[in-house]
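Descriptive analysis of the structure
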Amino acid sequence: QVQLVEAGGGLVQAGGSLRLSCAASGRIFSINAMGWYRQAPGKARELVAIITSGGSTNYADFVKGRFTISRDNAKNTVYLQMNSLKPDDTALYYCNAEVLVVVTERWYHYWGQGTQVTVSS
C-alpha cells in the first residue's frame, strides 16, 4: 500500500558528510511523523531523529549538533543531513513513516529497506 525508498548511503571518511533521503509513495492520505533509525551489527535498532508534519524535531543525544532532519511535505520526503561523521555512526539506516492510508482511515507505520552508511577511520 505504501512504499518508502531510501537513498544516499555510502562509504565516507571520518569527519565527512552524507545526506540521506527517503521518499514515500502509494496510498497516502497524510503522513504524521517521519524518522530515521539505525542498526549496527549485533545491536538493537535505535532512534536517530524524528520530525512531525509541523516541523518539530527530536534527536538522539549522540547526533545532536551533527545531524539535521528535515522534510518536504509536498514530496512526502524526509532527509537526514549527517555531518562530522564518526566510525561509530556506521550502521544500516532505516526510514520510518506514520501514514494515514487512503480509504482505510487508519494509521500505519511503514519502514524502508535500509541504506548502509559506513564511516572509515
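The following refers to the structure shown. Predicted model only: the values in this text are computed from it and were never measured. (Residues numbered from 1 in each chain as written. Predicted model: local features only at pLDDT ≥ 70, side-chain atom pairs only at ≥ 80, totals over all residues. Heavy atoms only, no water.)

Quick word on the overall build of the protein
When helices and strands are tallied, the protein shows zero helices and eleven strands. The N-to-C order of helical and strand elements in the protein reads β-β-β-β-β-β-β-β-β-β-β. For a compact globule of 121 residues, the expected C-alpha radius of gyration is about 14 Å, and the protein comes in at 14 Å, within 12% of that figure. Dimensions of the protein along its principal axes, counting C-alpha atoms only, are 50 × 25 × 20 Å. The burial tally for the protein puts 41% of its 121 residues in the buried class. A fraction of 56% describes how many contacts in the protein between residues 6 or more apart in sequence connect residues 24 or more apart. With the model as given, the accessible surface of the protein reaches about 6300 Å², and the carbon-plus-sulfur share is 49%. One way to put it: in the protein the 11 positive side-chain charges average out to a point 2 Å from where the 8 negative ones average out. (Helix = DSSP H or I, 4+ residues; strand = E, 2+ residues; numbered from the N terminus. Rg over C-alpha atoms; globule rule 2.2 N^0.38 Å. Buried < 20%, exposed > 50% of the residue type's maximum accessible area, 1.4 Å probe, protein only. Contact = heavy atoms within 4.5 Å. Areas by Shrake-Rupley, 256 points an atom, 1.4 Å probe, with all protein chains shown as cover. Lys, Arg positive; Asp, Glu negative; His and termini not counted. Charge placed at Lys NZ, Arg CZ, Asp CG, Glu CD.)

Remarks on the packing of aromatic side chains
Scanning the entire structure with this criterion turns up three aromatic pairs. For the pair tyrosine 37 and tryptophan 111, a centre-to-centre distance of 5.0 Å together with 65° between the ring planes defines the contact as edge-to-face. You can see tyrosine 37 sitting in strand E4 (residues 28–39) and its partner tryptophan 111 sitting in strand E10 (residues 106–111), a full 74 residues away along the chain. Measuring from ring centre to ring centre gives 6.4 Å for tyrosine 94 and tryptophan 111, while their planes differ by 85°; the resulting arrangement is edge-to-face. Placement of the pair is tyrosine 94 in strand E9 (residues 91–101) and tryptophan 111 in strand E10, with a sequence separation of 17 residues. Classification of tyrosine 94 by relative accessible area gives buried; the value is 12%. Counting every residue linked through ring pairs, the aromatic cluster contains Tyr37, Tyr94 and Trp111. (Phe/Tyr/Trp six-rings, centres within 6.5 Å; stacked < 30°, edge-to-face > 60°.)

A few points about the pattern of salt bridges
Applying the stated rule across the entire model yields four salt bridges. With its nearest N and O atoms 2.9 Å apart, the salt bridge here joins glutamate 46 to arginine 38. The closest approach of N and O atoms between aspartate 89 and arginine 38, which form a salt bridge, is 2.9 Å. With a gap of 51 residues between them, aspartate 89 in the loop between strand E8 (77–82) and E9 and arginine 38 in strand E4 connect regions that are remote in the sequence. Of the two residues examined, aspartate 89 and arginine 38, each falls in the buried class. Each of Arg38, Glu46, Arg66 and Asp89 takes part in salt bridges that share partners, so that together they form one network. (Salt bridge = Lys/Arg side-chain N within 4 Å of Asp/Glu carboxyl O.)

Considering the nonpolar core
Membership of the largest hydrophobic core comes to 33 residues, with the highest contact counts inside it found for Trp36, Leu80, Met82 and Tyr93. Counting residues per element, this core draws most heavily on E9, at six residues. If sequence neighbours within four positions are ignored, leucine 80 has contacts with Leu18, Arg19, Leu20, Trp36, Val48, Ala49, Phe67, Thr68, Ile69 and Tyr93. (Core = buried A, V, L, I, M, F, W, Y, C linked by side-chain atoms within 4.5 Å.)

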